[in-house]
Amino acid sequence: MLEKNQLHDVEITAITSEGSGVCRIDNMAVFVPETAVGDIVRIKIVKVLKSYAFGIISEILTPSPDREERFCSAYHKCGGCVFRHISYQAECIAKNTMIKDAFLRIGGLNPEYDEFIAAENSDRYRNKAQYPLAYIDGKAVCGFYAPRSHRVIPLTDCPLQPRIFGEILEFVLAYINEKKIAVYDEKNNTGLIRHIYIRQGAYSNHIMLCIVARKNISRQLNSLCSKIVEKFPNIQSIVLNINQNKTNVILGEQCITLWGSDLISDTMCGNNIEISPLSFYQINTRQAEKLYSKALEYASPAPSDIIADLYCGAGTIGLSMAHNASKVIGIEIIPSAIENAIKNAANNHICNAEFYCGDAGDVFTELNTNGLNPNIIIVDPPRKGCSEETLSAILNASPTKIIMISCNPSTAARDARFLSQNGYSINKICGADLFPGTRHVECVVLMSRNE
């Protein structure tokens, strides 16, 4: 029987979807963070449950060939990355294995897999970052949360973000401390500034700075605007987002533009895209283009085909396919995203795209009842996957092809299994890494209706 504080010498034989190494002791699985497949390590047992246990590294006896430190000063403290201790090639192998394991274990599926799409850059790839604030030693700091907590680990230059994000953060923090603007305390729901939120166009380099606060503090930020745009001329928009709710949700619904435009623009798959603070937009633009290219390859729309794009966000996926199809119908529940999608279609002179705001399942059911019969349905749901209503609506429409894009292989496997049990074959799956260093991975799935 395993007991807490025991030491064991073990070999790591697998990696979980959370990024922890796996070994077995007395036929019990033990999960050990920051280990690599092939490591021979001495571990200390820190928690024992009925059927599995957790350990931590006490000593690395023989390092795995996969080990390669990708430097970050906060790696062992921050909860963002889980793979900075192995090579990027090993990370891609682990993520591809996670996808295959999820579809086999959860979906009972073993389709053909295309070559995994690795990222060109494993650092400095993000176009968006949201930084919580806290007080440490009487000063306002920002960074990222420690694992499984809301304790802020101070960090302004994260290796995943553009360097200019760190420079902007330092400038804003200096202003907050100089003006003594109170930082939000989530336990007591007091204070003012909750998050600093930055977006940047990967091609345009346009930057949006968004301050998330509990109240309207426009007057307190006026002088910040004039100073920061002089220092950083790429800033095109400064927005105050007000979130009065005692919640883990970062953004509130109200946005006040303090300086510049309400939006920033970028290019995605050759289309000009406008992005608001509330819009969903893939955080790794160049990798997203590769992902959408694979989705287009799977969809292979004919000029007469109608495409329904469910959970469409700002319309980027559907608009990337609009020139290949007769019509694109996009549905998204966030009003500002639909506004962006409509503008994006107009700005790119795309006249065969229509967008509707509301729940994907409800709106699509209504459209289908009124005569919309798409040949191809694309779904790009949130991490929780498609709702039962959406899946039922898809089956009722009976499209020839379904293309699923997912940031969560587990829920994608669950939804694909449901569709495979109701008249669809799972033809191909392709994994794509949009989030190097982290445990997250995307996949695109091609499903076709059984004749």
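Below, the structure is looked at part by part. Every value quoted in this text rests on a predicted model; they were computed, and no experiment measured them.

Let us now look at a negative patch on the surface. Among the surface-exposed residues, Asp362, Glu366, Glu388 and Glu389 lie close enough to one another that they form a single negatively charged patch. Counting only elements with at least two residues in the negative patch, the list comes to helix H7 (360-369) and helix H8 (388-397). Of note, Glu388 is situated in helix H8.

Once that is clear, we can look at the pairing of strand E23 (residues 442-449). Buried residues dominate E23, accounting for six of its eight residues. Taken together, the six bridges between strand E21 (residues 401-406) and E23 define a ladder with antiparallel strand orientation. The partner of Ile405 across the bridge, within E23, is Val444. When strand E22 (residues 424-432) meets E23, the two strands line up antiparallel, connected through eight bridges. What sits directly across from Tyr424, in E23, is Arg449.

Time to look at the sheet that holds strand E14 (residues 254-260). Spatial ordering of the open sheet is given by E10-E9-E8-E11-E12-E13-E14, a layout of seven strands whose pairing is mixed. Edge positions in the sheet fall to strand E10 (152-154) and E14, since each has one partner strand and no second. Between one strand axis and the next, the sheet turns through 35 degrees on average, direction left out of account. Bridge analysis of strand E8 (residues 128-136) against strand E11 (residues 193-200) gives five bridges, and the strand direction is antiparallel. From the neighbouring strand, Lys128 faces E11, where its bridge partner is Arg199. The strands touched by helix H2 (residues 163-179) are E8, strand E9 (139-145), E11, strand E12 (207-213) and strand E13 (235-242); relative to E11, the strand with the most contacts, the crossing angle is about 150 degrees.

What follows is about the pattern of salt bridges. As enumerated under the stated definition, the model contains 15 salt bridges in all. Residues joined by salt bridges that share partners form a network here, namely Arg70, Glu91, Lys95 and Asp433.

Next up on the list: helix H3 (residues 218-231). Helix length check: H3, at 14 residues, gives a terminal C-alpha distance of 20 Å against a target of 20 Å (1.5 Å per residue), a fit within 8%. Those residues of H3 lying buried are Ser218, Leu221, Leu224, Cys225, Ile228 and Val229. Buried residues along H3 sit in contact with H2, E12, E13 and E14.

Here we come to the sheet that holds E21. Taken together, the eight strands give an open sheet; going across it, the order is E7-E22-E23-E21-E20-E17-E18-E19, and neighbouring strands pair in mixed fashion. The two strands at the open ends of the sheet, each matched to only one other strand, are strand E7 (112-113) and strand E19 (353-357). In this structure, E7 lies alongside E22, joined through two bridges in parallel fashion. For Tyr113, the partnering residue across the bridge sits in E22 and is Ile429.

About the thresholds
Residues numbered from 1 in each chain as written. Predicted model: local features only at pLDDT ≥ 70, side-chain atom pairs only at ≥ 80, totals over all residues. Heavy atoms only, no water. Patch = residues over 30% accessible without salt bridge, like charges linked within 9 Å, V, L, I, M, F, W, Y side chains within 5 Å. Areas by Shrake-Rupley, 256 points an atom, 1.4 Å probe, with all protein chains shown as cover. Salt bridge = Lys/Arg side-chain N within 4 Å of Asp/Glu carboxyl O. Lys, Arg positive; Asp, Glu negative; His and termini not counted. Charge placed at Lys NZ, Arg CZ, Asp CG, Glu CD. Helix = DSSP H or I, 4+ residues; strand = E, 2+ residues; numbered from the N terminus. Buried < 20%, exposed > 50% of the residue type's maximum accessible area, 1.4 Å probe, protein only. Pairing = 2+ DSSP bridges. Axes fitted to C-alpha atoms, helices over the stretch in contact; angles between N-to-C directions. Contact = heavy atoms within 4.5 Å. Expected span 1.5 Å × (residues − 1).

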